[in-house]
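Results of the structural survey
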Amino acid sequence: MELTLGKKLAELRRAKGMTQDEVAERLGVSPQAVSKWETDTSCPDIMLLPALAEMYGVTIDKLFSRQSQAETMVLPPEERRDFDKMLLRIYVDSEKGDRVRVNLPMPLVKVGLEIGLKIPDMEGSDVLSKIDIGQILELVERGLIGKLVEVESASGDRVEVVVE
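As the structure is a prediction and not an experimental result, all values here were calculated from the model. All residue numbers here refer to positions counted from 1 along the written sequence of the relevant chain. Only residues with pLDDT of at least 70 are given local features in this predicted model, and only at 80 or more are side-chain atom pairs given and counted; all residues enter the totals for whole chains, interfaces and linings. The side-chain quantities take in all heavy atoms of the structure and omit both hydrogens and water.

1. Points about the layout of surface pockets
- We place a 1 Å grid over just the protein atoms. Points where a 1.4 Å probe fits but has no way out form a cavity, open points with protein on both sides within 12 Å along at least 5 of 7 lines form a pocket, and any residue with an atom within 4 Å of a point lines it. Grid points are joined across faces, edges and corners, and a volume is the space filled by probe spheres set on the points. The volume enclosed by the largest pocket comes to roughly 950 Å³.
- Considering the residues around the largest pocket, the lining is formed by 33 residues, among which Glu-11, Leu-12, Ala-15, Val-162 and Glu-164 are closest to the centre.
- For the lining of the largest pocket, the secondary structure elements donating two or more residues are helix H1 (5-15), strand S2 (87-93), strand S3 (99-105), strand S4 (144-152) and strand S5 (158-163).
- Labels follow the DSSP assignment, with helices taken as runs of H or I lasting at least four residues and strands as runs of E lasting at least two, numbered in each case from the N terminus. For the lining of the largest pocket, the element with the highest residue contribution is H1, accounting for seven residues.
- Across the lining of the largest pocket, the residue classes tally to twelve nonpolar, five polar and 16 charged. Basically, the charged four are Asp, Glu, Lys and Arg, the nonpolar ten are Ala, Val, Leu, Ile, Met, Phe, Trp, Tyr, Cys and Pro, and anything else, Gly included, counts as polar.

2. Focus on unusual backbone geometry
- Here Asp-40, not a glycine, exhibits a phi torsion of approximately 60°, which is positive.
- As for its position among the elements, Asp-40 is in the loop between helix H3 (31-38) and helix H4 (49-56).
- Note on classification: 1.4 Å probe, protein chains only; a residue is buried when its accessible area is under 20% of the maximum for its type, exposed when over 50%, partly exposed between these limits. Residue classification places Asp-40 among the partly exposed residues on the basis of a relative accessible area of 38%.

3. Looking at the environment of Leu-144
- Along the chain, the position of Leu-144 falls in strand S4.
- When the C-alpha atoms of Leu-144 and Thr-72 are compared, they prove to be 7.0 Å apart, with 72 residues separating the residues in sequence.

4. Here's the deal with the packing of helix H2 (residues 20-27) against H4
- One can describe the packing of H2 onto H4 by two numbers: an axis separation of 11 Å at closest approach and a directional angle of 130°. Here H2 is positioned oblique relative to H4, judged by the angle of their axes. Considering how the two elements wind past one another, H2 and H4 form a crossing that is right-handed. Within the contact between the two elements, H2 uses Val-23, Arg-26 and Leu-27 and H4 uses Ala-51, Leu-52, Met-55 and Tyr-56.
- Among the residues forming the contact of H2 with H4, the class breakdown is six nonpolar, no polar and one charged. Interaxial angle, 0 to 180 degrees, is taken between N-to-C directions of lines fitted to C-alpha atoms, where a helix line uses only the stretch in contact. Here the angle decides the label: under 35 degrees means roughly parallel, over 145 means roughly antiparallel, 65 to 115 means roughly perpendicular, and every other value means oblique. For any helix crossing, the convention is left-handed if the near helix is rotated counterclockwise from the far helix by under a right angle, and right-handed if that rotation is clockwise. Working rule for contacts: check all heavy atoms of both residues, and any pair within 4.5 Å makes them a contact.

5. Here's the deal with H3
- Buried within H3 are the following residues: Ala-33, Val-34, Trp-37 and Glu-38. The arc enclosing the buried residues of H3, seen along the axis, measures out at 135°, which places them on a common side.
- The elements touched by buried residues of H3 are H1, H2 and H4.
- Backbone geometry just downstream of H3 places Asp-40 in the positive-phi region, at approximately 60°. Directions drawn from the helix axis to the C-beta atoms are what define this arc.

What follows is the structure in structure tokens.
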């Protein structure tokens, strides 16, 4: 699937769990400017490209690539990342408007599971309780990275689990 620059910027922003307002504030531009970039009405100033790429954790070349990157990948053994440097990211957006962002180093997740810790439930929602972190850990150890879980409950809660 081919992506325009605007669609790529929107995809990268959402993958980082950021709002257009947050991006605008970090770059010193208006939220309307970010909206125009993401709808391909205008393009960011060339001087902002390094900051955008850094904020989204990609190269400038990736910003301009028209190919969508797979959300989830299994890396071959020779390309796998150092487990001790990987992060488990959990994004929760509740129907009540709460936003929770959790970033945990994978070694901490592993230790937590070994001692029996569980993910706390969101108030009034059991979406998180249905996610098996042990299975996610096993998949990551086999080379799986990217967006591993995306759940939207009937009540409007949205949860994403990403490993980077």
